[in-house]
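Remarks on the overall topology
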Amino acid sequence: MCGIIGYIGSRQAGPILLEGLKKLEYRGYDSSGIAVIDDGVISVIKSVGMIKALDEKSKGGSVVSGTVGIGHTRWATHGAPSDENSHPHLSSDKRFAIVHNGIIENFESLRTELKSLGYKFTGETDSEVIAKLIQHHYCGDIISTLRTVITRLEGSYAVGIISADKPDALYAIRKDNPLVVGLGDGENFIASDYTAALEHTKNFVLLGDKEIAEITATETKFYDVDGKQIKKKPYTVEWNIEEAQKGGYAHFMLKEIFEQPRALTRTVRPRIAGDEIKLDGIEFDGDYLSSLERIDIIGCGSAYHAGIVGKSFIEKHCRIPVNNILASEYIYSDPITGPKTLTVIISQSGETADTLSALKIAASRGSRTLAVVNVVQSAIARAADDVLYTHAGPEIAVATTKGYTTQIAALYLIGLKIALKKGSITVKRYKELLSGLVTLPQTVEDMLSEAEVKKVRKYAEKFHNQKCVFFIGRGTDYAASLEGALKLKEISYIHAEAYAAGELKHGTISLIEDHTLTLALVTQEKLYHKMESNIKAVKSRGGTVIALASRANSKIKSCTDMLLTIPDCDDDISPVLTAVQLQLFAYYIALKRGCEIDTPRNLAKSVTVE
Ligand code: G6P
């Protein structure tokens, strides 16, 4: 979705803004633009399409000179991608330029009002009203003008503002949409996302709802909506810029697949002290657990799939019923929840609008909320009662990989902690699983050896022309199949469906014909024979089957066309290993098909609209 970067300092703003925009590309966009204060005049350059086009048009940002500016990547919602609709937007007198993320819900009435007052609109976006509104309410003092503007805007917004009247300052306001101020040395930044400014600083301040930031090269001031100056505490983001760069890999997705051992180590290791799991201060006391009747796990996309894996694990070991619910369904379902339900909210970005709304509804009905989030200080992390960070590092590819597997690892930690406290697991089994979790990163590392990856690639390339691929499995293998199918759809545009293997015969099997490809997941020993019959049923109808099995189950090869294996590990934590193989499978198919792997069509990394 849209991205914002702003700069103020002593260097030329244009090239810095362009570099920042490139870091925001992964969020998904279809046009971009920058505005720089150039000798008391605001110069704007915009371009439809990739940043490369803006880069060429602005000669790497050098055609505008000036040390204060804002930039934007736009993901079209109101109005098609066009120069008119792209940001930055100017006020009619060209004294203000703004960039906006979010949606102004009352933009139509504001537009009608401003039009009747003589303001001319050039595009169709909701965002343009903000520039005109600032001009309309401008009283010579920008802070009081912005206070008034905040009272007039409904909806969600993160806005960066520059003014020709105040050429030595950069301003920002926000509500329900992320915006951080990056603190540099003799220069400062605004950004919708840490990665845009990470090259320059690791120190940030989060702008709060309905707050105003006034930023110069050497100073940052914050005000509440009443104009009262407020003190804000900076924090450090422990990500490094290398993690936000491709580092020799062809795609961020491939790099992030290979980063999984390190990411999983960061999720798990710091939380284990001897045989104890320490969840950053999150505790479940005995009284709470004895009153706990249910756990709702809520998320969207892959985060929802991570929750499905978590359900099997938690139900099995904690003996507490778990519901998996899509956030977008939860919020309109009048959910039955309250103090006896623990709501676990999963979100890599921590900004997904549906997921955030679900959290707020659960909390308003008295449920304790626990967020499993990657991005520090994100909206979901701040809104939840408890937060367990996955510490996966920045994830740039739209299709999540390390974000997803670390969410599963975090759910395992939560499940194990509850199970031990509740006494629903034996100490022996608890220790076995804990040690499986500790060695999991190394097991993933082994799986990512050249020989193993080559094998997946060979099969993937062989099937790159498939029209449709089925993924089947039972239990946790079914849960893992859902994510495998989603990965393939997202990046290769091949139609893929995941089915509970036992359901095939109830309908889907009618779709199996000669050479239809099915990936059959066979990692659970106890389900081996059931899977064997399901595979035979597919084969006998002419289908082609690749089995993805644990090494212990590799005898399944005799009834399949091809075999991929995962190292032997505890059945209960195998979905992490399966996920890695399926990520590679999707990646190499998409690569062979020549797809835009890191930025698949129509998808956005962080979906901040419902
Ligand atoms: C988008 C992304 C998915 C992601 C989902 C949830 O749809 O394209 O890859 O799984 O959002 O994102 P979150 O940040 O909440 O985990």
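Residues numbered from 1 in each chain as written. Predicted model: local features only at pLDDT ≥ 70, side-chain atom pairs only at ≥ 80, totals over all residues. Heavy atoms only, no water.

Locating Cys-569 in the fold gives a position in the loop between β27 (562-566) and α19 (574-592). In this structure, the C-alpha to C-alpha distance between Cys-569 and Glu-211, residues 358 residues apart in sequence, is 50 Å. Ignoring sequence-local partners within four residues, the contact set of Cys-569 consists of Ser-574 and Leu-577. (Helix = DSSP H or I, 4+ residues; strand = E, 2+ residues; numbered from the N terminus. Contact = heavy atoms within 4.5 Å.)

Formed by 125 residues in total, the largest nonpolar core has its most connected members in Phe-284 and Ile-295. It is α19 that contributes the most residues to this core, 12 residues altogether. The contacts of Phe-284, once residues within four sequence positions are left out, are Leu-279, Leu-289, Leu-342, Arg-368, Leu-370, Ile-414, Lys-417, Ile-418 and Lys-421. Counting 27 residues, the second-largest nonpolar core is a separate cluster that includes Leu-110, Leu-133, Leu-146 and Ile-212. (Core = buried A, V, L, I, M, F, W, Y, C linked by side-chain atoms within 4.5 Å. Buried < 20%, exposed > 50% of the residue type's maximum accessible area, 1.4 Å probe, protein only.)

As a further point, take the packing of helix α17 (residues 476-492) against α19. Look at α17 against α19: their axes get within 9 Å of each other, and the N-to-C directions meet at 20 degrees. In terms of orientation, α17 and α19 fall into the roughly parallel class. The chirality of how α17 crosses α19 is right-handed. Contacts between α17 and α19 involve Thr-476, Ala-480, Gly-484, Lys-487, Leu-488, Ile-491 and Ser-492 on the former and, on the latter, Pro-575, Thr-578, Leu-582, Gln-583, Ala-586, Tyr-587, Ile-589 and Ala-590. When the residues that make up the contact of α17 with α19 are grouped by side-chain class, the tally is 9 nonpolar, 5 polar and 1 charged. (Axes fitted to C-alpha atoms, helices over the stretch in contact; angles between N-to-C directions. Parallel < 35°, antiparallel > 145°, perpendicular 65-115°, else oblique. Left-handed = near helix turned anticlockwise from the far one by under 90°. Nonpolar A, V, L, I, M, F, W, Y, C, P; charged D, E, K, R; others polar.)

On to the sheet that holds strand β22 (residues 386-389). Reading across the sheet, the 5 strands line up as β19-β18-β20-β21-β22 and stay open at both edges, with parallel pairing between neighbours. Each having just a single partner strand, β19 (322-326) and β22 make up the two edges of the open sheet. Sheet twist, expressed as the average angle between the axes of neighbouring strands with direction ignored, equals 20 degrees. The pairing of strand β18 (residues 294-299) with β19 spans 5 bridges and is classified as parallel. Bridge pairing in β19 links Ile-297 to Asn-324. (Pairing = 2+ DSSP bridges.)

Following His-87, the chain continues into Pro-88 via a peptide bond in cis, with omega recorded as 0 degrees. In this fold, Pro-88 is placed in the loop between β4 (68-74) and β5 (89-90). Of note, Tyr-493 is a non-glycine position whose phi angle comes to about 65 degrees, a positive value. Relative to the elements of secondary structure, Tyr-493 occurs in the loop between α17 and β24 (495-500). Judged by relative accessible area, Tyr-493 falls into the partly exposed class, the value being 27%.

Next up on the list: the sheet that holds strand β3 (residues 41-48). Reading across the sheet, the 8 strands line up as β3-β2-β4-β1-β10-β9-β11-β15 and stay open at both edges, with antiparallel pairing between neighbours. What marks the edges here is a single partner per strand, and that holds for β3 and β15 (235-236). By the bridge criterion, 3 bridges tie strand β9 (residues 180-183) to strand β11 (residues 203-206) in an arrangement that is antiparallel. Note on β11: the bridge partner recorded for Val-181 is Val-205.

What follows covers the site of the ligand. Of all residues adjacent to the ligand, which total 13 residues, the nearest are Ser-302, Ser-347, Gln-348, Ser-349 and Thr-352. Separating an oxygen atom of the ligand from a backbone N or O atom of Val-398 is a distance of 3.4 Å. When the ligand sits alone it has 390 Å² of accessible area, and the protein chains cover 89% of it. Of the residues that constitute the shell around the ligand, the class distribution is 5 nonpolar, 6 polar and 2 charged. (Near = heavy atom within 4 Å. Polar contact = N/O pair within 3.5 Å; in protein donor to acceptor, adjacent residues only side chain to side chain. Areas by Shrake-Rupley, 256 points an atom, 1.4 Å probe, with all protein chains shown as cover.)

Looking now at the packing of helix α3 (residues 107-116) against helix α4 (residues 128-137). For the pair α3 and α4, the least separation of the axes is 10 Å and the interaxial angle reads 45 degrees. One finds that α3 runs oblique with respect to α4. The way α3 lies across α4 gives a crossing that is left-handed. Taking contact as the criterion, the partners of Phe-107, Leu-110, Arg-111 and Leu-114 in α3 are, on α4, Glu-128, Val-129, Lys-132, Leu-133 and His-136. Grouping the constituent residues of the contact of α3 with α4 by class yields 5 nonpolar, 1 polar and 3 charged.

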